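Commentary on secondary and tertiary structure
Here is what each chain is made of, one letter per residue.
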Amino acid sequence: MFATDCSFVNIAYITRKLFAKEELYSLLEELREFVHVVEMGETVIDNAIRSQWNDFEDCTQYFSAKREHVDFIITRNEKDFAQSDIPVLSPHSFLLKFL
């Protein structure tokens, strides 16, 4: 399982008010043990800029996934990945398919 470095930043930002600091860092640490962190880097950013998707962050996630040759992308925002040639699954669909 892969996640971009940006995903960790987004998760921390979104959940920072839901958890005490120690709990948040513990959850991030558990997640980190479960996934391989992919750095975005210049090539991913350049590809996303050139592609001009409606959602820049989703586009960077896509190009990171493409570089790593992942089998699918898991997101709650499937509509913003309409241009993806990588299959896109909702978390619910992922769980139904693989559990």
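Treat the numbers as computed from the prediction; the structure is a model and nothing was measured. (Residues numbered from 1 in each chain as written. Predicted model: local features only at pLDDT ≥ 70, side-chain atom pairs only at ≥ 80, totals over all residues. Heavy atoms only, no water.)

1. Quick word on the overall build of the chain
Stated formally: Put simply, DSSP H or I for four residues or longer makes a helix, DSSP E for two residues or longer makes a strand, and each gets a number counted from the N terminus. Buried, partly exposed and exposed residues are distinguished by accessible area as a fraction of the type maximum, computed with a 1.4 Å probe on protein chains only: under 20%, between the cut-offs, and over 50%, respectively. The contact criterion used is simple: two residues touch if any of their non-hydrogen atoms lie within 4.5 Å.
Along the chain, the regular secondary structure elements total five helices and four strands. Going residue by residue from the N terminus, the α and β elements of the chain occur as β-α-α-β-α-α-β-β-α. In the chain, which comprises 99 residues, the share counted as buried stands at 32%. Summarising the internal contacts of the chain: among those between residues at least 6 apart in sequence, 38% fall at separations of at least 24.

2. Brief notes about the pattern of salt bridges
Basically, it comes down to this: Take a side-chain nitrogen of Lys or Arg and a carboxyl oxygen of Asp or Glu: if they are within 4 Å of each other, that pair is a salt bridge.
Tallied over the entire structure, the rule returns three salt bridges. The partner of Asp 85 in a salt bridge is Lys 66, with the nearest N and O atoms 2.8 Å apart. Pair noted here: Asp 85 is in the loop between β3 (73-74) and β4 (88-89) and Lys 66 is in helix α4 (residues 56-67), with a separation of 19 residues, a long-range link. Taking relative accessible area as the criterion, Asp 85 reaches 52% and is therefore assigned exposed.

3. What about the nonpolar core?
Put simply, the rule is: We define the nonpolar core as a collection of buried residues of types Ala, Val, Leu, Ile, Met, Phe, Trp, Tyr and Cys that are connected through side-chain atoms lying within 4.5 Å of one another.
Ranked by internal contacts, the top residues of the largest apolar core, which has 13 residues, are Tyr 62, Ile 73, Phe 81 and Ile 86. Breaking this core down by element, the ones donating at least two residues are α3 (41-51) and α4. No other element matches the four residues that α4 contributes to this core. Not counting chain neighbours up to four residues away, the residues in contact with Ile 73 comprise Tyr 62, Ala 65, Phe 81, Ser 84, Ile 86, Pro 87, Val 88 and Leu 89.

4. Re the packing of α3 against α4
Stated precisely, the cut-off is as follows: The angle between two axes is taken between their N-to-C directions and runs from 0 to 180 degrees, where each axis is a line fitted to C-alpha atoms and a helix contributes only its stretch in contact. Angle categories: roughly parallel below 35 degrees, roughly antiparallel above 145, roughly perpendicular from 65 to 115, and oblique for all the rest. Note on convention: the crossing is left-handed when the near helix lies turned anticlockwise from the far helix by less than a right angle, right-handed when the turn is clockwise. We call Asp, Glu, Lys and Arg charged. Ala, Val, Leu, Ile, Met, Phe, Trp, Tyr, Cys and Pro are nonpolar, and the rest, Gly among them, are polar.
Packing of α3 against α4 brings their axes to within 9 Å, and their N-to-C directions diverge by 125 degrees. When the interaxial angle is binned, α3 and α4 end up oblique. In this structure, α3 meets α4 at a crossing whose hand is right-handed. On α4, the residues touching Val 44, Ile 45, Asn 47, Ala 48, Ile 49 and Ser 51 of α3 are Phe 56, Cys 59, Thr 60, Phe 63, Ser 64 and Arg 67. In terms of residue class, the contact of α3 with α4 is made up of seven nonpolar, four polar and one charged.

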